[in-house]
Amino acid sequence: MSQKVLLNSKEVTIILHRLACQLIEKHLDFSDTILVGIQPRGVFLAERLKQILENEYQVPEISLGYLDITFFRDDFRRTDKPLEANKTQINFIVENKKVIFIDDVLFTGRSIRSALTAIQSFGRPSEIELLVLIDRRFSRNLPIQPDYRGRQVDAINGEKVKVSWKENESEDAVYLITN
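The shown structure was predicted, so the numbers you read here are calculated from the model rather than taken from an experiment.

### Overview of the nonpolar core
Point 1. Counting residues in each nonpolar core, the largest one holds 35 residues, and the members touching the most others are Leu 49, Leu 131, Ile 134 and Val 174.
Point 2. The element that contributes the greatest number of residues to this core is helix H2 (residues 42-55), accounting for seven residues.
Point 3. The contact partners of Ile 134, leaving out residues within four places of it in the chain, are Leu 7, Asp 104, Val 105, Leu 106, Arg 151, Val 153, Val 161, Val 163 and Val 174.
Point 4. Judged by nonpolar contacts, the second largest core, of 17 residues, contains Ile 69, Ile 90, Ala 115 and Ala 118.

### Observations concerning unusual backbone geometry
Point 1. Residue Pro 40 follows Gln 39 across a cis peptide bond; omega there is 0°.
Point 2. Tracing the backbone through its elements, the reader meets Pro 40 in the loop between strand E2 (33-38) and H2.
Point 3. Although it is not a glycine, Phe 30 sits at a positive phi angle of roughly 65°.
Point 4. Checked against the element boundaries, Phe 30 lands in the loop between helix H1 (9-27) and E2.
Point 5. The exposure class assigned to Phe 30 is buried, which follows from its relative accessible area of 3%.
Point 6. If you check the backbone angles, Asn 96 has positive phi at about 60° while not being a glycine.
Point 7. The topology assignment puts Asn 96 in the loop between strand E3 (63-67) and strand E4 (98-106).

### Description of the sheet that holds E4
Point 1. Taken together, the five strands give an open sheet; going across it, the order is E3-E2-E4-E5-E6, and neighbouring strands pair in parallel fashion. The strands lining the two open edges of the sheet, one partner per strand, are E3 and strand E6 (148-153). Ignoring which end each strand starts from, the neighbouring axes of this sheet average 25° apart.
Point 2. Sheet topology note: the strand E5 (residues 127-136)/E6 ladder contains five bridges and is parallel. Counted as the bridge partner of Leu 131 is Tyr 148 from E6.
Point 3. Strands E2, E4, E5 and E6 of the sheet are contacted by H1, whose axis makes an angle of about 140° with E6.
Point 4. Contacting E2, E3, E4 and E5, helix H3 (residues 110-118) crosses the sheet at an angle of about 155° to E4.

Parameters at a glance
Residues numbered from 1 in each chain as written. Predicted model: local features only at pLDDT ≥ 70, side-chain atom pairs only at ≥ 80, totals over all residues. Heavy atoms only, no water. Core = buried A, V, L, I, M, F, W, Y, C linked by side-chain atoms within 4.5 Å. Buried < 20%, exposed > 50% of the residue type's maximum accessible area, 1.4 Å probe, protein only. Helix = DSSP H or I, 4+ residues; strand = E, 2+ residues; numbered from the N terminus. Contact = heavy atoms within 4.5 Å. Pairing = 2+ DSSP bridges. Axes fitted to C-alpha atoms, helices over the stretch in contact; angles between N-to-C directions.

Printed below as a string of structure tokens:
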């Protein structure tokens, strides 16, 4: 197994600031906009973006929620191992709000399809957008594309993209892993 660095810590920081600026361009004060991190790995990206928007760009009171899609996935009954659900934390109404789904890697698109179904339990958003750190271009099974992307990666099916966050690992980095 080999591992290649796609993005180092400095490059991740630059991309996070670019994504934050793109969000500000489109959503200005975020009064009608909600960030929703897709559990489990989109949460780190969503929290980091909220922190940058509030602390470095003085955007006040951004609503941030976490959405667990475990039981909305189309493959959740196709495994023998027991599923471990994460926690959904959405303490606000999404009715008529702009929702931005945030996830670390867009691969097949199935997680986002599941999130589209899961969010309906919290109301009907006026609009839904997708922000991802990594867009795996050639792996899509569904017609889902990001509105905001940090980096586009051409990884073939035998390769895996791994995102590390300093909150749960030693550093911010993105790796391409080949078996």
